[in-house]
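Chain by chain, the residues run as shown.
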Amino acid sequence: MSPMPQAWNLRRILILLTRNWWRIALILLGSIAMAWLFLRYTTATYLSQATIQIDFSQSSLLKGKESAETFLSYENIADSYVELFTTHDLVETVVRELKLEWEVYSVGKVGKSLIFPHPFEIEVRDSLQAFYRLFPLYIELDGQMRTFSILKNDTTICTGKVGEWAPCGQLSLRLIPAREDGSLPSGLFFVQKLHLAAAIHNWQRRISVVSKRGLTSWTISVTDISPTRARLFLQSLLKHARTYEQLIRQEQYSRALKYIDTILYSTRQDLMTVQDSLFRQERVADAPFAEARKEKTLELFSEIERQRFTPSEESTLILLEKRLKNLLDTLTLTPTAPVSTIPLPSTLSKELQEGIHTINQLIEQRGRLMQAYVSTAFPVTDITQSLVQSIKQTLYSLTEMLSLHKQIRLRQRQGLTQYKEQFYKDILSKRQFALLEDDISLRRELYRFLLEKRIQLAIDREAIVSAIRISQPPSTPNTPLYPNPLQVYILFIVLGLVVGVGGTLLWHYIHQQVSYKIDLEDLSPVPILGELPYYKEDKGLFPFSGLQLEVLRSLRSALGFLWEEGKPKVLVITSTVSGEGKSYVARGMAYAYALAGHRVLLIDADLRRASITNEVGFHGKGLSLLLANPPHAPEMLNESIIPLGREGLYLLPSGPLPPNPTELLESPFLKELVESLKTSYDLFIIDTAPMGLVPDTASILHVLPYAVMVYVFRADYSRLSFLSHLKELINVQRLQKVYLLFNGTRLTKPRYGYGYGYGYYGESYGRHYYSSQRANGSLWKRVRELLPI
């Protein structure tokens, strides 16, 4: 049997919450009480704060417009101030000054509370080790009598008077007042002496330094269980911080001076190295003679440029050399061959022009001689032989002159190339020298700057001014940091709401119970006939209120349209389990019909439990005997039916419990019995066993198929899964004329309205009936009317 689906929406959730508001209210009250107990018995922690300004302009370590002129960053200086307030020596000074290694608690009935400043002090003049072994201990003090007792493990170890030495085992001690007026409180006190190292470490963990605005504004916080002690500790911490600030600043200056000395030494060594490198390179490059080499190179270059031939002059020389060679070859091979003169270019040098001019004159003279003796018998060769030899010699001289010119020009060009290479080397060396000189200049400036800075830091180290400025002094906290009362109450209230609301919804989801008819309208497999309001009085057989009677009359009117004509009017009342009020509804319907003048026979067919029969107190014959002995049934029928004290209302009891109730109810004699009594009674109302437990009701419906079945569903009792069971029974047993009645609706809770379909006086009557002592215009009523339910 699967549970029916539940439609969770805002309206339904509001109904559940308003119906169970008292549970949520109780859980809220419980959560508020738990919050109060938590605040009452939890040791509170208080936070004392102060704001300081750090003037970095007081530090020459940070002076300078450019970052290159500073030796420490702002972050490093700020970190040193953060570490300042948690320095071991500073915290130790404060702990010793305020005697924070001592803790005195006032012992009450439910706990102990810290007292600060201490109301008294304990002095010892013997072994401190034996004195420290006494703690922790209790001191019972009488302020009026000025006496004290020291207790250890519930045993008094010594007593004495305030201000006087008292023997206490192996040592002597005395208790003196710590207040200026010398007064002492009375009561029991718990005294604890912490080791100094443990106390220092404990207070170091309670100090917090947080940047408030950049690196110049800081918030110093101290937490403690005593607000006064937290404030005094922070005041003393700020007071002594200035002294330790000077020590830290001096250490910073010393570190800066050491750093500067290291840089000075390194810079001086680098400067000497660079100067030596410049000297060596100048020596290798022969730098002093670089200018002379430059002038020589430029002079040679000018000479070569002045004597340089153009391309046409070069071609003329080549052509001239070729002609001279051809002329020489011709004269050598054929001395008598005719030759022409050599053209004289104007671009040649004077020496070459003179040589060519001489050759041309000799050639012309040879030509004239050859023409003069060509017709004579003299041999021409002998006549021109001397001229040819002169021309050859001149040609040889001119050829050698051309070769010499070429060699001279070649050597000049080779020399110029060497001078140019050296010239470029001198230019590169000059640039390197310039870089080295710049490097030396920069290192000298850096060395000079470091020297000036070192002198300034050495002067400032001897005249340190505190950079701490207190902009907001420490204050005594009024509310604890933990636990915060407002936060605790809000947290517990929220938890209470979550537990209350979540628990209510979870409980309803697990139990699947409903309170009003409207919750079933979309889930019920059968029509809902109506709902019967709850009435707490349950005295007598018919304990019905006026409102219930009105509802029963409405149900009676509604059922009048359901009877089959010519058939007995049979109304079967059943439910899923016991306790849903089926017997109560059966009595109510019988009573309502009897009030209308009908003759009603109420049949108790719940043979197993027989609640109506037990309520009447009749233990004689009944339905079980009639069904078990059909032949003798007519004789026993009149003896079995008894009146119920109302005219027209009779009861057929269940009779003794049979061993086979289901088989008896399946007997056709039940139908014969109803048919035989149809003339005597107008209506038969049968109270049956729960259908979810036994099959007795199904047997009756099979015997009496024309009967109308009313299925009772009780508010805040029946579960939604019962509807699944009802739907399954209808499908399996093929039941018809099944209607659902919602029983036990509480009118004092917010609801939708009844909505029976046929109507009656309605909710306003029920409210007036049950709430006549409450004003109609009450606040709660107006609030419920505003809710969307």
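Before any of the text, the structure's been laid out above.
Residues numbered from 1 in each chain as written. Predicted model: local features only at pLDDT ≥ 70, side-chain atom pairs only at ≥ 80, totals over all residues. Heavy atoms only, no water.

Q: Before we move on, could you go through helix H6 (residues 196-206) and cite the residues and values that matter?
A: Restricting attention to buried positions, one finds in H6 the residues Ala199, Ile200, Asn202, Trp203 and Arg206. The buried side chains of H6 occupy one side of the element, clustering within an arc of 165 degrees when seen end-on. Away from its buried face, by an angle of more than 90 degrees, H6 presents the exposed residues Ala197 and Arg205. (Buried < 20%, exposed > 50% of the residue type's maximum accessible area, 1.4 Å probe, protein only. Helix = DSSP H or I, 4+ residues; strand = E, 2+ residues; numbered from the N terminus. Arc of directions from axis to C-beta.)

Q: Talk me through the pairing of strand S9 (residues 171-177); I want residue IDs and the actual numbers.
A: Taking burial as the measure, the seven residues of S9 include five buried ones, the bulk of the element. The pairing of strand S4 (residues 120-124) with S9 spans five bridges and is classified as antiparallel. Each bridged residue has a counterpart across the sheet, and for Phe120 the counterpart in S9 is Pro177. Relative to S9, strand S8 (residues 166-168) runs antiparallel, the two being bridged by three bridges. Counterpart to Cys168 in the pairing with S9 is Leu171. Between S8 and S9, which pair antiparallel one after the other, the connecting turn spans two residues, and Gly169 there sits at a positive phi close to 70 degrees. (Pairing = 2+ DSSP bridges.)

Q: I'd like a rundown of unusual backbone geometry, residues and numbers included.
A: Note on backbone geometry: most residues besides glycine have negative phi, and most peptide bonds are trans. Following Phe135, the chain continues to Pro136 via a peptide bond in cis, the omega torsion being -5 degrees. Locating Pro136 in the fold gives a position in the loop between helix H5 (128-132) and strand S5 (137-142). With an omega of -5 degrees, the peptide bond running from Tyr482 to Pro483 counts as cis. One can find Pro483 in the loop between strand S13 (468-472) and helix H12 (485-511). For Asn153, which is not glycine, the phi dihedral falls at a positive 55 degrees. Structurally, Asn153 is set in the loop between strand S6 (147-152) and strand S7 (155-161). Here Asn153 falls in the exposed class, since its relative accessible area comes to 67%. At Ala610, a position not held by glycine, the phi torsion is positive, near 55 degrees. Looking at the secondary structure, you find Ala610 in the loop between strand S16 (600-604) and helix H15 (611-616).

Q: Outline the pattern of salt bridges, listing residues and values.
A: What the rule picks out here adds up to 16 salt bridges. Note that Glu123 and Arg174 form a salt bridge whose closest N and O atoms lie 2.9 Å from each other. With Glu123 in strand S4 and Arg174 in strand S9, this pair connects stretches of sequence that are 51 residues apart. Assessed through its relative accessible area of 28%, Glu123 is described here as partly exposed. (Salt bridge = Lys/Arg side-chain N within 4 Å of Asp/Glu carboxyl O.)

Q: An account of the side chain of Asp224 is needed here, citing residue identities and associated values.
A: Tracing the backbone through its elements, the reader meets Asp224 in strand S12 (residues 217-224). A residue is classified by how much of its surface remains accessible, and Asp224, at 2% relative accessible area, is buried. Within the structure, the side chain of Asp224 is placed 2.6 Å from the side chain of Arg229, a separation counted as a polar contact. In contact with Asp224, other than residues within four places in its own chain, are Ala44, Thr45, Tyr46, Leu114, Trp203, Arg206, Arg229 and Ala230. (Polar contact = N/O pair within 3.5 Å; in protein donor to acceptor, adjacent residues only side chain to side chain. Contact = heavy atoms within 4.5 Å.)

Q: Give me a nonpolar patch on the surface: which residues, what numbers.
A: On the surface, a cluster of nonpolar side chains totalling about 680 Å² of accessible area is made up of Trp21, Trp22, Leu26, Leu29, Ile32, Ile493 and Leu497. Listing elements by their share of the nonpolar patch, those giving two or more residues are helix H2 (21-41) and H12. Structurally, Trp21 can be placed in helix H2. By relative accessible area, which is 49% here, Trp21 ends up partly exposed. (Patch = residues over 30% accessible without salt bridge, like charges linked within 9 Å, V, L, I, M, F, W, Y side chains within 5 Å. Areas by Shrake-Rupley, 256 points an atom, 1.4 Å probe, with all protein chains shown as cover.)

Q: An account of the pairing of S7 is requested, with residue identities and associated values reported.
A: Examined bridge by bridge, S6 and S7 share six bridges and lie antiparallel to one another. Its bridge partner being in S7, Leu151 is matched across the sheet by Thr156. Between S6 and S7, which pair antiparallel one after the other, the connecting turn spans two residues, and Asn153 there sits at a positive phi close to 55 degrees.

Q: Tell me about the packing of helix H1 (residues 10-19) against H2, residues and numbers included.
A: Between H1 and H2, the shortest axis-to-axis distance is 4 Å and the interhelical angle comes to 65 degrees. Taking contact as the criterion, the partners of Leu17, Thr18 and Arg19 in H1 are, on H2, Trp21, Trp22 and Ile24. Looking at the contact of H1 with H2 residue by residue, the classes come out as four nonpolar, one polar and one charged. (Axes fitted to C-alpha atoms, helices over the stretch in contact; angles between N-to-C directions. Nonpolar A, V, L, I, M, F, W, Y, C, P; charged D, E, K, R; others polar.)

Q: Explain the sheet that holds S7 to me, and be specific about the residues and the numbers.
A: The strand order across the open sheet built from six strands is S3-S2-S10-S5-S6-S7, with neighbouring strands paired in antiparallel fashion. Two strands bound the open sheet, and with one partner strand each, they are strand S3 (112-115) and S7. Pairs of neighbouring strands in the sheet enclose a mean axial angle of 30 degrees, with direction left out of account. As defined by bridge partners, S5 adjoins strand S10 (residues 187-193) across five bridges and the pair is classed as antiparallel. Paired with Leu137 across the bridge in S10 is Val191.

Q: Any chance you could break down the sheet that holds S9 for me, citing the residues and the numbers?
A: Pairing between the strands of a sheet comes from backbone hydrogen bonds, and it takes one of two forms, parallel or antiparallel. Reading across from one edge, S4-S9-S8 is the order of the three strands in this open sheet, with antiparallel pairing throughout. At either end of the open sheet lies a strand with only one pairing partner, and these are S4 and S8. On average, adjacent strands in this sheet sit at an angle of 40 degrees to one another, irrespective of strand direction.

Q: Account for helix H19 (residues 669-677), with residues named and values stated.
A: Looking only at H19, the buried set comprises Phe669, Leu670, Leu673, Val674 and Leu677. The buried residues of H19 occupy an angular sector of 145 degrees when the element is viewed end-on, so they sit on one face.

These values are about where atoms sit, not about what they do.
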